[in-house]
Amino acid sequence: FRTCFVSVTMLLRRALTRSHRLLCTSTKVPNLDIFSSVELQQASKQLTPEARTRIIQALQVKEEVTQEIPRPTRGQLVKHGINASVPFVGFGFVDNFLMILFGDVIESYLGLWLGLSTMACAALGNALSDSLGCFMGGAIEAAAAKLGLPSANLSDAQMNLPQTRTIRTFCSALGVLVGCIIGMVPLLFQDTQRRADWEAFQKFDHNGDGWIAQDDLREAVEGFGLKDVSDEWFKEFFEKHDTNKDGVVDFEEFRGLLRSLEARKPKAR
């Protein structure tokens, strides 16, 4: 028994010496995981005030780390989802709205000269929309903040919970989807007739140079059922719609020609 007591006493003294040396000389908050509760109790009697302060700080940190994070309530998750989705509704709306506007303008004007396809014009419109969206991001977030949305009152630890991150990601994606759908509003006001005229123009612009020669235009006239017209009538008809007198018909001149052909078609013989 005496041998065991001596051995335990020696181990305890070594532990206390090590504890005192580490706690009194270290300038950092100590790691208390390497000490047992007995060692801490015995060592605390021999500590300086500074060492005791470091012990208290270390215990507080350990308590915060080991303390269980309270799970957010359903109401908090709902509010967090609303706060996450609303700004992305704005982002999706602006992105899709501008993409459609830019794509339509590019196709209607620049696409005529460069011979760009509809998909190419849409891609260019999307690039411009995304670029402009980078400058509008702060304004959209500021507008969303002024809406007075209810705060979820989540701590930093709760914000990093897997459940909270999943809600944030899902609601953000849902907000973008809703915003993109709302941003399709310009499609309701697009000039569909202009698009149809452009498709008809491309059929007769065989070389894709943005102009229709006189011979190609006669094919368009015959396509409207006017096959028995005289050369004199056709020449006069062509010169009437060649407003700039350059010997060819561009898209805008072709549109006027189509309206004239549509008016003459029932009267043709």
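Model, not experiment: these values are computed from the prediction.

## Brief notes about the overall build of the protein chain
Summing up its helical and strand segments, the protein chain has 11 helices and zero strands in all. Walking the protein chain from its N terminus toward its C terminus, one meets helices and strands in the order α-α-α-α-α-α-α-α-α-α-α. Here the protein chain, with 269 residues, has 30% of them falling under the buried criterion. For the protein chain, long-range pairs separated by at least 24 residues make up 71% of all intrachain contacts whose partners lie at least 6 apart in sequence. When the accessible surface of the protein chain is totalled, it reaches about 17700 Å², and 61% of it is carbon and sulfur.

## Structural notes on the environment of L124
Along the chain, L124 turns up in helix α5 (residues 118-145). Take L124: its relative accessible area is 39%, and that puts it in the partly exposed class. Considered as a pair, L124 and E107 are 17 residues apart in the sequence and their alpha carbons are 9.6 Å apart. Each residue touching L124, except ones within four places of it in the same chain, is listed here: I106 and L116.

## A short note on helix α8 (residues 192-204)
Here α8 contains 13 residues, and its C-alpha end-to-end distance of 19 Å stays within 8% of the 18 Å for a straight helix at 1.5 Å per residue. Among the residues of α8, those classed as buried are R194, D197, W198, A200, F201 and F204. Down the axis, α8 shows its buried residues gathered within 165° of arc, on one side only. Along α8, exposed side chains directed more than 90 degrees from the buried face belong to T192 and K203.

## Here's the deal with unusual backbone geometry
A positive phi is found at N153, a non-glycine position, where the angle reads about 55°. Assignment of secondary structure puts N153 in the loop between α5 and α6 (156-159). The phi dihedral of K245 is positive, around 55°, even though this residue is not glycine. Mapped onto the secondary structure, K245 falls in the loop between α10 (231-241) and α11 (251-264).

## Let's talk about the nonpolar core
Formed by 17 residues in total, the largest nonpolar core has its most connected members in F201, I212, L217 and F254. Sorting elements by how many residues they give to this core places α11 first, with five residues. Contact partners of F254, with chain neighbours within four places excluded, come to D197, A200, F201, F204, I212, L217, A220 and V249.

## Some words on a nonpolar patch on the surface
A contiguous nonpolar patch, built from F93, F170, L174, L177, V178, I181, I182, M184, V185, L187, L188 and F189 and spanning about 1200 Å² of accessible area, is present on the exposed surface. For the nonpolar patch, the leading source of residues is helix α7 (residues 162-182), giving six residues.

## What about the environment of R194?
Inspection of the secondary structure assignment puts R194 in helix α8. Accessibility expressed as a relative area gives 11% for R194, which makes it buried. Spatially, the C-alpha atom of R194 lies 9.7 Å from that of E252, the residues being 58 residues apart in sequence.

## Description of the confidence of the model for the protein chain
Overall, the prediction assigns the protein chain a mean pLDDT of 76, with 71% of residues at 70 or greater. The spread of mean pLDDT over the elements of the protein chain runs between helix α1 (residues 2-25), the lowest at 49, and α7, the highest at 94. Below pLDDT 50 for its whole length, residues 1-8 participates in zero contacts with residues either more than four positions away or in separate chains.

## Examining the packing of aromatic side chains
Following the criterion strictly, the structure yields three aromatic pairs and no others. Their ring planes at 65° and their centres at 5.4 Å tell us that F201 and F254 sit as a pair that is edge-to-face. Separated by 53 residues along the polypeptide, F201 in helix α8 and F254 in helix α11 bring together distant segments of the chain. With respect to burial, F201 and F254 carry one shared label: buried.

## What about the side chain of H241?
Here H241 lies in helix α10. Engagement of the side chain of H241 in a polar contact is seen with the backbone oxygen of F237, the distance being 3.0 Å. Filtering out sequence-adjacent residues up to four positions away, H241 remains in contact with E253, G256, L257 and S260.

## Regarding the side chain of R255
Positionally, R255 belongs in helix α11. Given the relative accessible area of 17%, R255 is considered buried. Sequence-distant contacts of R255, that is, excluding residues within four places in its chain, are made with D191, Q193, R194 and D197.

Criteria and cut-off values
Residues numbered from 1 in each chain as written. Predicted model: local features only at pLDDT ≥ 70, side-chain atom pairs only at ≥ 80, totals over all residues. Heavy atoms only, no water. Helix = DSSP H or I, 4+ residues; strand = E, 2+ residues; numbered from the N terminus. Buried < 20%, exposed > 50% of the residue type's maximum accessible area, 1.4 Å probe, protein only. Contact = heavy atoms within 4.5 Å. Areas by Shrake-Rupley, 256 points an atom, 1.4 Å probe, with all protein chains shown as cover. Expected span 1.5 Å × (residues − 1). Arc of directions from axis to C-beta. Core = buried A, V, L, I, M, F, W, Y, C linked by side-chain atoms within 4.5 Å. Patch = residues over 30% accessible without salt bridge, like charges linked within 9 Å, V, L, I, M, F, W, Y side chains within 5 Å. Salt bridge = Lys/Arg side-chain N within 4 Å of Asp/Glu carboxyl O. pLDDT = per-residue confidence, 0-100. Phe/Tyr/Trp six-rings, centres within 6.5 Å; stacked < 30°, edge-to-face > 60°. Polar contact = N/O pair within 3.5 Å; in protein donor to acceptor, adjacent residues only side chain to side chain.

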